Amino acid sequence: MTIIEITDNTTKRQLVKGLQKLGKGLFTECFALSDSEVLLVSEDPLKEVYSMGWLCDTLFPVTEKVDYLSSGESIYKMKRYTKVSSLKNSLEAEQYEIYKTLRKAQDALKYP
């Protein structure tokens, strides 16, 4: 497990210096800590909920709250998941058939 030290004056730039950026969303940036762990710098309130364990662990990844930065962003650690390049190749045949059925149902519910 990677140890992260944050002081009152730590900036995001200092925190992520030397870490590989894996991706960025609207509220969160993801950096590699190791082959098995990532660091999230986030303003997403749902990450806070995940870290408190208020949602079912089987549906949402376990997210550990590390600290806050002085900028107000939160720092989290979580397991590093492998990137799915092909959903069809990543699922078993039966799982993929369920996915296709759910996808058709979702498409049917979309408004014109």
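Conventions adopted
- Residues numbered from 1 in each chain as written.
- Predicted model: local features only at pLDDT ≥ 70, side-chain atom pairs only at ≥ 80, totals over all residues.
- Heavy atoms only, no water.
- Core = buried A, V, L, I, M, F, W, Y, C linked by side-chain atoms within 4.5 Å.
- Buried < 20%, exposed > 50% of the residue type's maximum accessible area, 1.4 Å probe, protein only.
- Helix = DSSP H or I, 4+ residues; strand = E, 2+ residues; numbered from the N terminus.
- Contact = heavy atoms within 4.5 Å.
- Pairing = 2+ DSSP bridges.
- Axes fitted to C-alpha atoms, helices over the stretch in contact; angles between N-to-C directions.
- Salt bridge = Lys/Arg side-chain N within 4 Å of Asp/Glu carboxyl O.

Caption draft 1: Summary view of the nonpolar core. I4, I6, L15, V16, F31, L33, L39, V41, L69 and I75 together form the largest nonpolar core, which totals ten residues. Counting only elements with at least two residues in this core, the list comes to α1 (12-16) and β3 (37-42). Every residue in contact with I6, bar those within four places of it in the chain, is listed here: L15, V66, D67, Y68, L69 and I75. Counting residues in hydrophobic clusters, the runner-up holds five residues, among them C30, L40, Y76 and M78.

Caption draft 2: Highlighting the side chain of S42. Positionally, S42 belongs in strand β3. Judged by relative accessible area, S42 falls into the buried class, the value being 1%. Ignoring sequence-local partners within four residues, the contact set of S42 consists of F27, T28, K47, E73, S74 and Y76.

Caption draft 3: View of the sheet that holds strand β4 (residues 63-68). With antiparallel pairing, five strands are arranged side by side in an open sheet as β1-β2-β3-β5-β4. The open sheet is flanked by β1 (20-24) and β4, the only strands paired with a single partner. Going from strand to strand, the sheet's axes swing by 25° on average, the running direction of each strand aside. Here β1 pairs with strand β2 (residues 28-32) via four bridges, running antiparallel.

Caption draft 4: The arrangement of the pairing of β3 in detail. Burial runs high along β3: six of the six residues are buried. Here β2 runs beside β3; their pairing, made up of five bridges, is antiparallel. Bridging across to β3, T28 finds its partner in S42. Where β2 folds back on β3, the antiparallel hairpin that results is connected by four residues. Strand direction decides the pairing type here: β3 and strand β5 (residues 74-79), joined by six bridges, are antiparallel.

Caption draft 5: Quick peek at the pattern of salt bridges. Tallied over the full model, the rule gives eight salt bridges. K12 is paired through a salt bridge with E29; the nearest N and O atoms lie 2.5 Å apart. Of this pair, K12 sits in helix α1 while E29 sits in strand β2, and the two are 17 residues apart along the sequence. Classification of K12 as partly exposed rests on a relative accessible area of 27%. The closest approach of N and O atoms between R103 and D107, which form a salt bridge, is 3.8 Å. Taken as a pair, R103 and D107 lie in helix α4 (residues 93-109) at a separation of four residues, close to a single helical turn. Assessed through its relative accessible area of 39%, R103 is described here as partly exposed. What makes D107 partly exposed here is its relative accessible area of 39%. It is possible to trace a salt-bridge network through shared partners that takes in K12, K21, E29 and E73.

Geometry only, nothing functional implied.
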